[in-house]
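Residues per chain are reported as follows:
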Amino acid sequence: MGAGHAHKLYRHGHSPVHGLPPHTKLAAVFCFVIVVVSTPREAMWAFALYAVLLAAVAYAARVPAGFLLKRLLIEIPFVAFAVLMPFVAQGERVDVLGMSLSVNGLWGAWNVLAKGTLGVAASVLLASTTELRELLLGLQRLRLPPLLVQIASFMIRYGDVITDEMRRMKIARESRGFEASGVKHWGVLAKSAGALFIRSYERGERVHLAMVSRGYAGSMPVIDDVSASRAQWSYALTLPCAALVVCLLGWLL
Amino acid sequence: MTVSPTPLSPASLEVGGLAYAYPDGHQALFGVDLTIGRGERVALLGPNGAGKTTLVLHLNGILTGGAGTVTVAGLPVGKRHMAEIRRKVGIVFQDPDDQLFMPTVREDVAFGPAAAGVKGPELEARVHKALAQVGMADFADRPPHHLSFGQRRRVAVATVLVMEPEILVLDEPSSNLDPASRRELADILRSLDVTVLMVTHDLPYALELCPRSVILSEGVIAADGTTGDLLADEDLMRAHRLELPFGFDPKSVKV
Ligand SMILES: Nc1ncnc2c1ncn2[C@@H]1O[C@H](COP(=O)(O)OP(=O)(O)O)[C@@H](O)[C@H]1O
Ligand SMILES: [Mg+2]
């Protein structure tokens, strides 16, 4: 049993980056990604500099390179997409190793790959230094619609409860000799899914009763008011500001 | 022992002529009368489907619209004082997974007072006090689903105690608890200085904790008296489908 909602991406630590209020980190990553996306794709050196910036953040957060690289694997689908682009794109073509590739496609692939990797890397860094719970507080603080934040909190709280219910239903099915093997069993699975939905819905009603009984009137009370000092904001925003300088240079040069 | 309320302080709970039919037409309560004095611990016994939960949901105004009145510490349950009533009546529901809906124990306990506008160090202090009362202060930052069932039940009690309620209402508090957790919960409930209404099937538990019991059967209060006397009345118990565990003799128990 771990403490807190340790998700797979989170890496426990006490670095200065871990200690930043969550909404400053969210804002920083968001701005960083916007800046990266608006950089001209021809300015290749700019992307190298962004990578260096992220490496500096990872160093400050004491997130090892191996950890970060392993989690970057999420973006493999993007890579596959990017690899295809030079083959299928239209327009002027160049010959590489005897293959005729589209120049436009090559640039497009590079664009997706470089920007995608940087965006994913920044998000992975955010996730590995911020607990899920904190992220939600940060979103709440950044004035995201409260309903969305509430839905996300309930997903965290009840995800395990529902998975557990699903597991119990599976055990009950298998104890009675049911083995899902092929299309003819989909009917049973569909009925289980229906039962799970009804159970979850009824639980929702009971939870709502419990909330109303404790004074809920439509909005979640603020329990932990996360607030950031000016110093914390400027520390967090160093990343997107440095990136912005690089981006502007990219446009000018 | 029936503590008669002192004339100056109104009874914690007064239910008069309460009748209720569900929207589908099924009538669950047929005129319930019940008075509980301040500081009393009363068990509400009754077979499945007797209307116990329906009665409980009337106590804090979740269900309304039937005939009769409910008064909590002199305050009538109704639209006008709803927030105040919900603060005064603390209901612990049967399944702690329904009761504990926040990501951490601390936030869950803080939910009620925070909704009432308490914040900062005062909120922190109240949360800590409530968790300490149920012996769970060390678990404040744990997510509820990582706790044992007994621990979750205790936290559920804390989420209500933190509101400093006039009356604590527990729906089947001993269900699903192993003997040790059952005893721990009993110790906690006994140590509290608050009026308690405990809905239960667990007759030994009622005898252990509540000097007085009432039997709700088919939507009316069928009996009201000392728990020992009620449990010893075999005809009464049989008439209301209440059965003592095998080998348990209420007359032999010294409370
Ligand atoms: N939402 C509902 N709609 C219609 N009938 C209900 C509803 N909830 C409970 N009842 C009925 O009301 C009666 C009393 O139910 P309840 O108060 O839950 O009993 P208890 O808690 O004593 O087991 C039962 O006959 C039950 O079927
Ligand atoms: Mg019930």
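Cut-offs and rules
- Residues numbered from 1 in each chain as written.
- Chains lettered and ligands numbered in written order.
- Predicted model: local features only at pLDDT ≥ 70, side-chain atom pairs only at ≥ 80, totals over all residues.
- Heavy atoms only, no water.
- Near = heavy atom within 4 Å.
- Polar contact = N/O pair within 3.5 Å; in protein donor to acceptor, adjacent residues only side chain to side chain.
- Areas by Shrake-Rupley, 256 points an atom, 1.4 Å probe, with all protein chains shown as cover.
- Nonpolar A, V, L, I, M, F, W, Y, C, P; charged D, E, K, R; others polar.
- Core = buried A, V, L, I, M, F, W, Y, C linked by side-chain atoms within 4.5 Å.
- Buried < 20%, exposed > 50% of the residue type's maximum accessible area, 1.4 Å probe, protein only.
- Helix = DSSP H or I, 4+ residues; strand = E, 2+ residues; numbered from the N terminus.
- Contact = heavy atoms within 4.5 Å.
- Phe/Tyr/Trp six-rings, centres within 6.5 Å; stacked < 30°, edge-to-face > 60°.

## Brief notes about the site of ligand 1
Residue and element names in this part refer to chain B. In the vicinity of ligand 1, the residues found are Tyr22, Asp24, His26, Ala28, Pro47, Asn48, Gly49, Ala50, Gly51, Lys52, Thr53 and Thr54. Contacts to ligand 1 include Ala50, whose backbone N or O atom sits 3.2 Å from an oxygen atom. Between an oxygen atom of ligand 1 and a main-chain N or O atom of Gly51, the distance comes to 3.0 Å. For ligand 1, whose unbound accessible area comes to 550 Å², protein coverage reaches 63%. Looking at the shell around ligand 1 residue by residue, the classes come out as four nonpolar, six polar and two charged.

## Details of the nonpolar core
Counting residues in each nonpolar core, the largest one holds 59 residues, and the members touching the most others are B:Leu45, B:Val109, B:Leu131, B:Leu168, B:Leu170, B:Leu189 and B:Met198. Per-element accounting of this core gives the leading share, six residues, to helix H6 (residues 149-161) of chain B. Contact partners of B:Leu131, with chain neighbours within four places excluded, come to B:Val105, B:Val109, B:Met136, B:Ala137, B:Ala140 and B:Ala158. The next biggest cluster of nonpolar side chains, apart from the first, holds 31 residues, and it includes A:Ala210, B:Leu29, B:Val77 and B:Val199.

## Section: the packing of aromatic side chains
For the structure shown, the criterion picks out eight aromatic pairs over all chains. Ring geometry for A:Phe47 versus A:Trp110: centroids 5.6 Å apart, planes at 90°, classification edge-to-face. Pair noted here: A:Phe47 is in helix H3 (residues 44-60) and A:Trp110 is in helix H6 (residues 103-129), with a separation of 63 residues, a long-range link. Accessibility expressed as a relative area gives 4% for A:Phe47, which makes it buried. The class for A:Trp110 is partly exposed, based on a relative accessible area of 27%. When the ring of B:Tyr20 is compared with that of B:Tyr22, the centres are 5.2 Å apart and the planes differ by 85°; the resulting orientation is edge-to-face. For B:Tyr20, a relative accessible area of 9% gives the class buried. Aromatic ring contacts, followed pair by pair, group A:Phe32, A:Phe47, A:Tyr50 and A:Trp110 into a single cluster.

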